[in-house]
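These are the residues of each chain, in order.
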Amino acid sequence: MSTPTIRTRIAPSPTGFLHLGTARTALYSWAYARHFGGQFVLRIEDTDVARSTQDSVDQILASMRWLGLDYDEGPHYQMQRLARYHEVVEQMIAAGTAYRCWCTPQELDEMREAQRARGEKTRYDGRWRPAPGKVLPPVPAGVQPVVRFRNPLDGEVSWDDLVKGPITISNREIDDLIILRPAPEGASADAQALGVPTYNFAVVVDDWDMGITHVFRGDEHVNNTPWQINIFRALGAPLPTFGHCPIILGDDGLKLSKRRGAVSVTAYEEAGYLPEAMLNYLARLGWSHGDEELFSREQMVSWFDGSHLAKSPAQWDPAKLAWVNAHYLKAADDERLAVLVAQQLQSRGLTAAQTQGLAPACALFKDRCHTTVELADWIEMLHVAVTPREDERAQHVTEAVKPALHSLRERLAAMAAWDKPSIAQAMKETLAAHGLKMPQLAPAVRVLVCGRAQTPSIDAVLALFAREVVLSRLEVL
Ligand code: GLU
């Protein structure tokens, strides 16, 4: 017997950016499919007509591309599959596993009010649920019905969660959920004619139609899974394996949220993180392979078989992410970094011409940086005037050093080639002529030219500048 091909999916709702939690789920789904030689599907769950936007779809696709999470199929759009949901709903009504309900929102409010008053859990009371011998209320005029799933009244739903282990929820806990609604005002003609499915229904039809074998998602969906399993069963569809990953906590121990820092993949791209660092960091946030902290995507794929997923929530740790990013920055190709830094600098107003040829500068400074933004902060000084701190200037650019600075400037102006060995030679000659040591002269040059007293080797740094810039910054007498 051949085992079915593993098929996983990520199913974001296009109501904002790609959230870090969704990116992590996408990574796990992608790695699981790749590990087993299966397929990874992208589905856009855009049935929230009021909140879904094309801009958000574009952001999600861009973030997936940036992270290198390539999909084999999709993006599928739920709003393009309305006819299919409608068809399945009709089959379910005919089979008695779904029914129309004409309750008005007002009636539902009253129902919940009364339940609260009695100290009961609020739930749909089944007034339109057909049963042998039951007389249903008269269909009210002017009300568009919804369709509800006829959830089993008794028994329980159990599954063996890939992350959380065995979970059992009693059917008595869950009510007959709405699976199809009339379209909201302003929706397409298709939606008006066919209705719009709710998440718990569309997700089942899609996972079934798309042959999904493994569902990874955030554990905010654990409570939805019993309904989904019951719907799969009502449809006679094979059940996928579910894996619910714990939420990501902020560094304050509360749920990671927009109010407490960046939560979108895009924000980290803009803040100068490299995609391979994000992937590595996200992978470890809820999964481990021994003590490995730094690994390539290929290694992750070879290790990621669904085991060692953490049951407890992981904490977002900006310092660790910065450390991981610094590691990848050091290893990154300088030409690639030059392109990224050029983008950063152009967004700060530098011209395309000024941001050419930055690879040697990236090579020199990348060891000191955590992000390409920090790298750009260094390299900016090649073109943007620096303002040394008064105290540093007073400390290093002393009257005793000024004559040496003057003669260094003259040597730098006069020498034929502008390169690191010639600059080193000019420094050496100046020190000898003035009876100074490197630690007396170099910090003064650094403060004046770079605006800071500490930099990599001064000859290498100066060689990155245009000669006129160095000469004008050294003009202090
Ligand atoms: N659209 C849902 C979400 O973004 C998908 C959940 C699922 O993977 O089933 O949360």
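One numbering rule holds for all chains: residues counted from 1, following each sequence as written. Only residues with pLDDT of 70 or above have their local features reported here, since the model is predicted, and side-chain atom pairs are shown and tallied only from 80 upward, although totals for entire chains, interfaces and linings are computed over all residues. Heavy atoms from the whole structure form the basis of all side-chain values; hydrogens and water molecules are not counted.

Draft legend 1. Summary view of the overall build of the chain. The secondary structure content of the chain amounts to 20 helices and 13 strands. Radius of gyration: over C-alpha atoms. The globule rule applied is 2.2 Å multiplied by the number of residues raised to the 0.38 power. Taken over C-alpha atoms, the radius of gyration comes to 31 Å for the chain, far larger than the 23 Å a tight globule of 477 residues would show. Principal-axis analysis of the C-alpha atoms gives the chain an extent of 110 × 55 × 40 Å. Categorising residues by exposure relies on relative accessible area from a 1.4 Å probe, with only protein chains included: less than 20% of the type maximum marks a residue as buried, more than 50% marks it as exposed, and the intermediate range marks it as partly exposed. Relative to its full complement of 477 residues, the chain shows a buried share of 49%. Summarising the internal contacts of the chain: among those between residues at least 6 apart in sequence, 73% fall at separations of at least 24. All accessibility values rest on the Shrake-Rupley procedure with a 1.4 Å probe; residue burial counts only the protein chains present in the view. A total of about 22,500 Å² of accessible surface is found on the chain, and carbon and sulfur atoms cover 52% of it. The helix and strand labels rest on DSSP assignments: H or I over at least four residues marks a helix, E over at least two residues marks a strand, and numbering proceeds from the N terminus. Contacts were defined at the residue level, with two residues in contact if any of their heavy atoms lie within 4.5 Å.

Draft legend 2. Quick peek at the sheet that holds strand 5 (residues 146-149). At least two bridges found by DSSP between two strands is the condition for calling them paired. Within the open sheet, the 4 strands sit side by side as 4-5-8-9. Their pairing is antiparallel. Each of the sheet's edge strands pairs with one partner strand only, and the pair in question is strand 4 (98-101) and strand 9 (196-197). In the sheet, strand 5 pairs with strand 8 (residues 178-181) via 2 bridges, with the strands oriented antiparallel. Within strand 8, the position partnered with Arg148 by the bridge is Ile178.

Draft legend 3. The arrangement of the environment of Arg100 in detail. Locating Arg100 in the fold gives a position in strand 4. Placed 16 residues apart in sequence, Arg100 and Arg116 show a C-alpha to C-alpha distance of 25 Å. Apart from residues lying up to four places away in sequence, Arg100 is in contact with Glu90, Ile93, Trp128, Pro145, Val146 and Val147. Pairs of N or O atoms within 3.5 Å make up the polar contacts considered here, provided that, within protein, one atom can donate a hydrogen while the other can accept it, and that residues adjacent in sequence are counted only when both atoms are side-chain atoms. Among the polar contacts listed, one links the side chain of Arg100 to the side chain of Glu90, at a separation of 3.0 Å.

Draft legend 4. Up close: the nonpolar core. Side-chain atoms within 4.5 Å link the members of a nonpolar core, which is a set of buried Ala, Val, Leu, Ile, Met, Phe, Trp, Tyr and Cys residues. Trp316, Ile379, Leu405 and Leu412 are the most contacted members of the largest nonpolar core, which has 103 residues in total. In terms of residue count, helix 1 (residues 20-35) provides more of this core than any other element does, 9 residues in total. Residues within four places of Leu405 in sequence aside, it is in contact with Val397, Leu441, Ala444, Val445, Leu448, Leu474 and Val476. Ile169, Val196, Met210 and Leu235 belong to the second largest nonpolar core, which has 38 residues in total.

Draft legend 5. Layout of the layout of surface pockets. As defined here, a cavity is a set of points on a 1 Å grid over the protein atoms alone where a 1.4 Å probe fits but cannot get out. A pocket is an open set with protein on both sides within 12 Å along at least five of seven lines, and residues line them when an atom is within 4 Å of a point. Grid points are joined across faces, edges and corners, and a volume is the space filled by probe spheres set on the points. For the largest pocket, the calculated volume is near 1,300 Å³. For the lining of the largest pocket, the secondary structure elements donating two or more residues are strand 1 (7-10), helix 1, strand 9, helix 6 (199-209) and strand 10 (214-218). The greatest single-element share of the lining of the largest pocket, amounting to 4 residues, is contributed by helix 1. Only Asp, Glu, Lys and Arg are considered charged in this grouping, and only Ala, Val, Leu, Ile, Met, Phe, Trp, Tyr, Cys and Pro are considered nonpolar; every other residue, Gly among them, is considered polar. Among the residues forming the lining of the largest pocket, the class breakdown is 23 nonpolar, 16 polar and 11 charged. Of the volumes computed, that of the second largest pocket is approximately 270 Å³. Glu269, Glu270, Leu340, Gln343 and Gln344 are the residues nearest the centre of the second largest pocket, which is lined by 13 residues in total. Taken together, the elements giving at least two residues each to the lining of the second largest pocket come down to helix 8 (265-270) and helix 12 (334-347).

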